[in-house]
Amino acid sequence: MSWEPYAALPDSTVTGTLLQWEGVGDANHAPRTILAWLPPSYAAQPDRRYPVVYLHDGQNVFDAATSYNISEWGADETLTELAAEGLEAIAIAIPNANEQRYHEYSPVRHPGFPPEVAGGGGGDDYLAFLIDTVKPLADEHLRTLPDAAHTTLLGSSMGGLISLHALLTRPKVFGSAGVMSPAFWACAGEAFERVRNSPGVAGKIWLDIGGKEGTDHPEQEQAYWDDAHAMRDLLLEKGMGERLRFQADPEGIHRETAWKVRLPGALRFLLSGG
């Protein structure tokens, strides 16, 4: 197996290269197709290495045709835009496992699931899959900067939760996290307890939230908003200061269309050297 060209829909605004690696899995994770976006200068500068951003829910990252929400993040368009500003990175999109999504992205088991159902608690196994299987593929076959300072995880909702969990528990691997529209309510306060018990939080965090996140869970709309602001305050108490960037959009919804709007600012912050 190897990285092969990906037949994405043509888009005149994208100048990078999109590749795919099929059948990537391990003992705990079904095989899936990993996508990699290479920046415009990649082919012309063969000695150059690049920072990497790993994105969850990979079906929705580059192509609306593969999205399960009929919309996409537009990450390739955003990365092309940032490349024109001189900020280039490789982007790796890891698809979720469909009905196993909550299980993979949740660090703790939800008490509402019956014992025979994989209802959360697979988050650490999922991070092991990223660290032991996906990241080595990228680092071996692509010209990455593999150290933590140049490795970012980014996701939304449950993907935001597992990104924060990775930064808190694997700071030697991941140096920054994009935590967009996090569903803190879904994990019974695990993230807050972990941050409170941490002597400090390394790296950089982009944290954002919308005021209308109730598209899928209207009963949790206020919890999305309140929890994100509470996490902002807690992270500031832990001394993050300028290493934390927080954005709240009162009109923001729980959809790729909202995350697409906020993605450029998130990547500028997380990928910049400052």
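In case you missed it, the structure is sitting above this.
Residues numbered from 1 in each chain as written. Predicted model: local features only at pLDDT ≥ 70, side-chain atom pairs only at ≥ 80, totals over all residues. Heavy atoms only, no water.

In terms of helices and strands, the chain carries seven helices and nine strands. The globule rule puts the C-alpha radius of gyration for 274 residues at 19 Å, and the 17 Å found for the chain is close to it. Principal-axis analysis of the C-alpha atoms places the extent of the chain at approximately 50 × 45 × 35 Å. Buried residues in the chain amount to 53% of all 274 residues. (Helix = DSSP H or I, 4+ residues; strand = E, 2+ residues; numbered from the N terminus. Rg over C-alpha atoms; globule rule 2.2 N^0.38 Å. Buried < 20%, exposed > 50% of the residue type's maximum accessible area, 1.4 Å probe, protein only.)

Right, let's talk about the environment of L154 for a bit. Looking at the element boundaries, L154 is found in strand β6 (residues 151-156). Exposure remark for L154: the relative accessible area of 1% places this residue in the buried category. For the pair L154 and L130, spaced 24 residues apart in sequence, the C-alpha to C-alpha distance is 13 Å.

Next up on the list: the pattern of salt bridges. Side chains that differ in sign of charge can pair as their charged atoms come close. The tally for this structure, following the rule as stated, stands at 11 salt bridges. As a salt-bridge pair, R268 and E81 come within 3.0 Å of each other at their nearest N and O atoms. Within this pair, whereas R268 is found in helix α7 (residues 256-271), its partner E81 is found in helix α1 (residues 75-84), the two being separated by 187 residues in sequence. Close ionic contact of D124 with R170 constitutes a salt bridge, the shortest N to O distance being 2.7 Å. A residue pair is termed long-range when its members are at least 10 positions apart, and D124 in helix α3 (residues 123-141) and R170 in the loop between α4 (158-169) and β7 (176-180) qualify at 46 residues. Since its relative accessible area comes to 31%, D124 is described here as partly exposed. Several salt bridges converge on common partners, so that one network encompasses E81, E85 and R268. (Salt bridge = Lys/Arg side-chain N within 4 Å of Asp/Glu carboxyl O.)

Another aspect to go through is the packing of α3 against α4. α4 packs onto α3 with a crossing angle of 75° between their chain directions and a minimal axis gap of 11 Å. Relative to α4, the element α3 lies roughly perpendicular. In this structure, α3 contributes G123, D124, Y126 and L127 to the contact, and α4 contributes I162, H165, A166 and T169. (Axes fitted to C-alpha atoms, helices over the stretch in contact; angles between N-to-C directions. Parallel < 35°, antiparallel > 145°, perpendicular 65-115°, else oblique. Contact = heavy atoms within 4.5 Å.)

What the rule picks out here adds up to six aromatic pairs. Positioned above the aromatic ring of Y42 is the side chain of R143, whose terminal nitrogen or guanidinium carbon lies 3.9 Å from the ring centre. The ring of F269 has K204 lying over it, and the distance from NZ or CZ to the ring centre is 4.6 Å. (Phe/Tyr/Trp six-rings, centres within 6.5 Å; stacked < 30°, edge-to-face > 60°. Lys NZ or Arg CZ within 6 Å of the ring centre and 35° of its normal.)

A separate point is the nonpolar core. Formed by 54 residues in total, the largest nonpolar core has its most connected members in I92, I94, V134, L142, I205, M231 and L235. With sequence-adjacent residues up to four places away left out, V134 is seen in contact with V24, I34, Y54, I92, I94 and F129. Ranked by size, the runner-up nonpolar core spans 26 residues in total, among them L35, V53, W206 and L267. (Core = buried A, V, L, I, M, F, W, Y, C linked by side-chain atoms within 4.5 Å.)

What follows is about α3. Taking 1.5 Å per residue as the helical rise, α3 with its 19 residues ought to reach 27 Å, and the 26 Å between its terminal C-alpha atoms agrees with that figure. Helix geometry: α3 is bent most strongly at K135, by close to 35°, with proline P136 lying one to four residues after it. Those residues of α3 lying buried are G123, Y126, L127, F129, L130, T133, V134, K135, L137 and A138. (Expected span 1.5 Å × (residues − 1). Bend = angle between axes of the 7 residues up to and from the residue.)

Below, the discussion takes up the sheet that holds β6. With respect to topology, nine strands assemble into an open sheet ordered β1-β2-β3-β5-β4-β6-β7-β8-β9, the strand pairing being mixed. Every other strand in the sheet has two partners, leaving β1 (4-5) and β9 (244-253) as the edge strands with one partner each. Sheet analysis places strand β2 (residues 17-26) next to strand β3 (residues 29-38), joined by seven bridges and oriented antiparallel. Considered in β3, the bridge of V24 is made with R32. (Pairing = 2+ DSSP bridges.)

Note: α-helices contain 3.6 residues per turn, so residues at a spacing of three or four share the same orientation. Of all the bends found along α7, the most pronounced is centred on R262 and spans about 45°, while P264, a proline, follows it within four residues. Those residues of α7 lying buried are E256, A258, W259, R262, L263, P264, A266, L267, F269, L270 and L271. Each element contacted by the buried residues of α7 is listed here: β4 (52-55), α1, β6, β7, β8 (204-212) and β9.

A separate point is the environment of R232. The topology assignment puts R232 in helix α6 (residues 221-237). Here the alpha-carbon distance between R232 and W37, two residues 195 residues apart in the chain, equals 31 Å. If near-sequence neighbours (up to four positions away) are discounted, R232 is found in contact with L207, L244 and F246. At a separation of 3.0 Å, a polar atom in the side chain of R232 contacts the side chain of D233. (Polar contact = N/O pair within 3.5 Å; in protein donor to acceptor, adjacent residues only side chain to side chain.)

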